[in-house]
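# A closer look at the structure
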Amino acid sequence: MADVKPLTRAAILAVGSELLTPSRIDTNSLFITEQLNRIGIEVVLKLVVGDSREELARAFQLARSRAELVVSCGGLGPTDDDVTREAVAGVLGRPLAEDEAITAQLRARFAARGFTTPMPEINRRQAMVPKGARVLENTRGSAPGLWIEDEDGLTLLLPGPPRELRPMLSSLVDGQLGTRSSGTSISRRVIRVAGRIESHVDEVLSPLYREWEALQVPIGATILAALGQIELHLSVRSASRDEADAALERAAAQVVEFLGADVFTTRGLAMEQVVGDLLVDRNLRIALAESCTGGLITSRLTDVPGSSRYVQQSVVVYSNESKTDLAAVPPSLIATHGAVSEEVAVAMAEGIRSRAAVDVGVGVTGIAGPGGGSADKPVGTVAIAVAASGSNTRSRVFRFTGEREQIKFQASQAALDMVRRMLISR
């Protein structure tokens, strides 16, 4: 189409009833958003729709009203519940017709897989193409994609399996879809903060928001509360990636200036990655004695490739006896202060550091719930200590809220953050 407007806004439809259940998560939308942002197309709407022709038609109409580009993924298979083609074609008023070339390819693909029976006729549904649509080759699966364009915008129908969708979309972004963009790209930066609540971070940074909005290249900011951390998402739309990166770098430096050591990453890293990098930079090794976290801190640290350079030893000391046997906690200390106490956490950190002969020791003991709490030590009470050579042992008692899994994660995050703060102060 001649003189078409650049594509700047997109809506995503993730199709599949399984995506509306707890057993399946829509990850395609994240990849689609990332790819579209590369060419300056902002995603303004995401919808998850079940395998209902009527619901899909309504969702598609809504998406068309909000954006000039609609990207749908899923529902292109051969079975009765694969209704994306029919729903979209119905809304657009385009009849479906069988593409004999696609049918021939499907039969050849079926035969090449060594089946002794011919291709089921139901597979011919994948060869049905809306009038005027362009077929997009699927090099990794049987369902071709479809490019459908009219005066109101562009619709892309992509297969649902990620291994099929990703190469198809990447090829479009690098090719014809990229030529339809505005010539800009959207760059993003994620800054993560520990030790503060969302409202406090927002209050402190509010002067920066106004300053960023007034820049020649404006910076958008969104603040989010996540478990154990606050996230600040920055975005810049620019024709120059270098210009965008420089603007984001300056903004990140301002956030650090306002929040100081509470910022643990300006590049979206997880806490365990940050701590691992610090241990490598300082050539230090760590050992851990975990009670209520049950090895979660160690698991997070060792999820990072190359962590064998700094993780020396870990013990799960759930019982009082194991605290004594494996972390050298005196029984009298437990009898006097209780297993969940700052004193025991300190003994665990110092004991495991000494026994493992490492530079940093961590001790964590607490009540993850749902039972086991008391008036003095309710569920969510966690004592954490960090002992390091050449530094005073640091310890603190936290009161976390939430369910058992949430308490354990917050405790692991707090412990790693205490290690981080000790390391950057050395």
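What you see is a predicted model, and the numbers here were worked out from it, not measured in a lab.

A count of helical and extended segments in the protein chain gives 14 helices and 17 strands. Here the C-alpha atoms of the protein chain give a radius of gyration of 28 Å, more than 25% beyond the 22 Å that 2.2 N^0.38 yields for 426 residues. Taken along the three principal axes of its C-alpha coordinates, the protein chain extends 80 × 60 × 40 Å. Out of the 426 residues belonging to the protein chain, those deemed buried represent 49%. When contacts within the protein chain are restricted to residue pairs at least 6 apart in sequence, those whose partners lie at least 24 apart make up 67%. Only carbon and sulfur atoms are counted for the fraction: they give 50% of the accessible area of the protein chain, which is about 20000 Å². Averaging the coordinates of the 47 positive side-chain charges in the protein chain and doing the same for the 51 negative ones gives two points 3 Å apart.

Turning our eyes to something else, we now look at the side chain of S181. With respect to the secondary-structure elements, S181 resides in the loop between α6 (176-179) and β9 (185-193). Among the residues examined, S181 registers a relative accessible area of 16% and is labelled buried. A distance of 3.4 Å separates the side chain of S181 from the backbone oxygen of I39, its partner in a polar contact. What S181 contacts, discounting residues up to four positions off in sequence, is P6, L7 and I39.

Turning our attention to the sheet that holds strand β15 (residues 360-366). Reading across from one edge, β14-β13-β15-β16-β17 is the order of the five strands in this open sheet, with mixed pairing throughout. Each end of this open sheet is capped by a strand with a single partner; those strands are β14 (311-316) and β17 (394-399). Ignoring strand direction, the axes of neighbouring strands in this sheet form an average angle of 10°. Note: strand β13 (residues 286-290) against β14, five bridges, orientation parallel. Considered in β14, the bridge of I286 is made with V311. On top of the sheet, helix α13 (residues 342-356) reaches β13, β14, β15, β16 (381-388) and β17; it is set at about 145° to β15, its chief contact.

For any pair of aromatic rings, the description rests on two quantities: the centre-to-centre distance and the angle between the ring planes. Considering all chains together, one arrives at two aromatic pairs under this definition. Between Y209 and W212, the aromatic rings sit 6.2 Å apart at their centres with planes inclined by 55°, giving tilted as the arrangement. One end of the pair, Y209, and the other, W212, are both in helix α7 (residues 198-213), three residues apart, so they sit about a helical turn from each other. The burial state of Y209 is the same as that of W212; both residues are buried.

We now examine the pattern of salt bridges. Tallied over the entire structure, the rule returns 19 salt bridges. Residue E86 is joined to R125 by a salt bridge in which the shortest nitrogen-to-oxygen separation is 3.0 Å. One end of the pair, E86, is in helix α3 (residues 84-92); the other, R125, is in the loop between α4 (100-112) and β5 (128-130), with 39 residues separating them in the sequence. The burial state of E86 is the same as that of R125; both residues are buried. Two residues, E231 and R192, come together in a salt bridge whose shortest N-O distance is 3.1 Å. Taken as a pair, E231 in strand β11 (residues 229-238) and R192 in strand β9 lie far apart in primary sequence, 39 residues in all. Each member of the salt-bridge network shares a partner with another, and the members are R196, D262, D417, R420 and R421.

Turning our attention to the packing of helix α1 (residues 28-38) against helix α5 (residues 162-174). The contact between α1 and α5 brings their axes to 10 Å, and the two run at 10°. Compared by their axis directions, α1 and α5 come out roughly parallel. Between α1, through N28, F31, I32, Q35 and R38, and α5, the contact on the second element is made entirely by P162, L165, R166, L169, S170, V173 and D174. In terms of residue class, the contact of α1 with α5 is built from six nonpolar, three polar and three charged.

This next bit is on the pairing of strand β3 (residues 69-73). Most of β3 sits inside the fold, with five of its five residues counted as buried. What you see with β3 is no split at all: L69, V71 and C73 on one side and V70 and S72 on the other are buried throughout. Here five bridges tie strand β1 (residues 9-15) to β3, and the two strands are oriented parallel to one another. What sits directly across from A14, in β3, is C73. Bridge count for β3 against strand β8 (residues 153-158) is five bridges, and the pairing is parallel. The residue bridging V70 from the neighbouring strand is T155, located in β8.

It is worth spelling out unusual backbone geometry at this point. Omega for the bond connecting G369 with P370 falls within 30 degrees of zero, at 5°, which places this linkage in the cis form. In this fold, P370 is placed in the loop between β15 and β16. Backbone geometry at A328 places phi at a positive 60°, although glycine is not the residue there. Position of A328 among the secondary structure elements: in the loop between α11 (320-327) and α12 (331-337). On the accessibility criterion, A328 (35% relative accessible area) is partly exposed. Positive phi is not limited to glycine here, since A357 has a value of about 55°.

The contact between α11 and α13 brings their axes to 9 Å, and the two run at 35°. Contacts between α11 and α13 pair K323, T324, D325, L326 and A327 from the former with V344, A347, M348, G351, I352 and R355 from the latter. Split into classes, the residues belonging to the contact of α11 with α13 amount to six nonpolar, two polar and three charged.

Turning our eyes to something else, we now look at α3. Along an α-helix, residues three or four positions apart point the same way, because every turn accommodates 3.6 residues. The element α3 is largely enclosed, with a buried count of seven among its nine residues. Listing the buried residues of α3 in full gives T84, R85, E86, A87, V88, A89 and L92. Once α3 finishes, G93 follows within two positions and takes phi at roughly 70°, a positive value.

Quick notes on the rules
- Residues numbered from 1 in each chain as written.
- Predicted model: local features only at pLDDT ≥ 70, side-chain atom pairs only at ≥ 80, totals over all residues.
- Heavy atoms only, no water.
- Helix = DSSP H or I, 4+ residues; strand = E, 2+ residues; numbered from the N terminus.
- Rg over C-alpha atoms; globule rule 2.2 N^0.38 Å.
- Buried < 20%, exposed > 50% of the residue type's maximum accessible area, 1.4 Å probe, protein only.
- Contact = heavy atoms within 4.5 Å.
- Areas by Shrake-Rupley, 256 points an atom, 1.4 Å probe, with all protein chains shown as cover.
- Lys, Arg positive; Asp, Glu negative; His and termini not counted.
- Charge placed at Lys NZ, Arg CZ, Asp CG, Glu CD.
- Polar contact = N/O pair within 3.5 Å; in protein donor to acceptor, adjacent residues only side chain to side chain.
- Pairing = 2+ DSSP bridges.
- Axes fitted to C-alpha atoms, helices over the stretch in contact; angles between N-to-C directions.
- Phe/Tyr/Trp six-rings, centres within 6.5 Å; stacked < 30°, edge-to-face > 60°.
- Salt bridge = Lys/Arg side-chain N within 4 Å of Asp/Glu carboxyl O.
- Parallel < 35°, antiparallel > 145°, perpendicular 65-115°, else oblique.
- Nonpolar A, V, L, I, M, F, W, Y, C, P; charged D, E, K, R; others polar.

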